[in-house]
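Listed below are the residues making up each chain.
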Amino acid sequence: MTDNDHKPLAVFDLDNTLADTAHRQRFLERRPRDWDAFFAAAPHDPPLTEGVALALEHAEECEVVYLTGRPERCREDTVEWLAAHGLPEGRIWMRRDNDRRPARRTKLEILRGLARNREVRVLVDDDELVCEDAERAGFTVVRARWASQSAVLKVAQEREGRT
């Protein structure tokens, strides 16, 4: 066992919590949505200062893990992005490539699984529906409201199960 095995978890979303997706929203505004281009542009996301600072702050007392609606095929790019922006190393929970369930369902399922063995100190996420469901389930939540909100991304998260 490592020291991290005993620390509480701080769970961070990626898109619009740590990474600014504004530059790639255009791929979701067209019909049909260009999901391949949307995710291919993710390595170019600028970091969100508020989210990065919060992750680094929580890393002092917690093990930081990442919970994202990004599909598994984005793992390598995501690992590289986190490292390039000085974020703490941590396990990354991603959506299976063919999983189209709403983010609030997939994320809550993973949170509950994490909480079976460890204290989940906080969830930091920009998706209001994820935050509401997590709070109802008893988790402490910080709403990431520091990025521009995108109606298109909200639909994608809830109805299309894409991110």
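The structure we're discussing is the one just above.
Let me sum up the structure you'll find in this document. Treat the numbers as computed from the prediction; the structure is a model and nothing was measured.

So, on to the state of the cysteines. In this structure the tally under the stated criterion is zero disulfides. We note that C62 lacks a disulfide partner, and the nearest cysteine sulfur, in C131, lies 17 Å from it. Its relative accessible area of 3% is what places C62 among the buried residues.

Now for the packing of aromatic side chains. Overall, the coordinates contain three aromatic pairs when judged by the stated rule. Look at W35 and F38: their rings are 5.6 Å apart centre to centre, the planes differ by 80°, and that puts the pair in the edge-to-face class. Of this pair, W35 and F38 are both found in helix 2 (residues 35–40), three residues apart, which corresponds to roughly one turn of the helix. For the pair W35 and F38, a shared accessibility class is recorded, and that class is buried. Pairing W35 with F39 gives two aromatic rings, centres 5.9 Å apart and planes at 25°, and the pair type is stacked. Of this pair, W35 and F39 both sit in helix 2, four residues apart, roughly one helical turn. Residue classification places W35 among the buried positions, given a relative accessible area of 5%. Against the face of F38 rests R24, its NZ or CZ located 4.3 Å from the ring centre. In this structure, R91 packs its charged tip against the face of W93, placed 3.8 Å from the ring centre.

Rules of the game
- Residues numbered from 1 in each chain as written.
- Predicted model: local features only at pLDDT ≥ 70, side-chain atom pairs only at ≥ 80, totals over all residues.
- Heavy atoms only, no water.
- Disulfide = S-S within 2.5 Å.
- Buried < 20%, exposed > 50% of the residue type's maximum accessible area, 1.4 Å probe, protein only.
- Phe/Tyr/Trp six-rings, centres within 6.5 Å; stacked < 30°, edge-to-face > 60°.
- Helix = DSSP H or I, 4+ residues; strand = E, 2+ residues; numbered from the N terminus.
- Lys NZ or Arg CZ within 6 Å of the ring centre and 35° of its normal.

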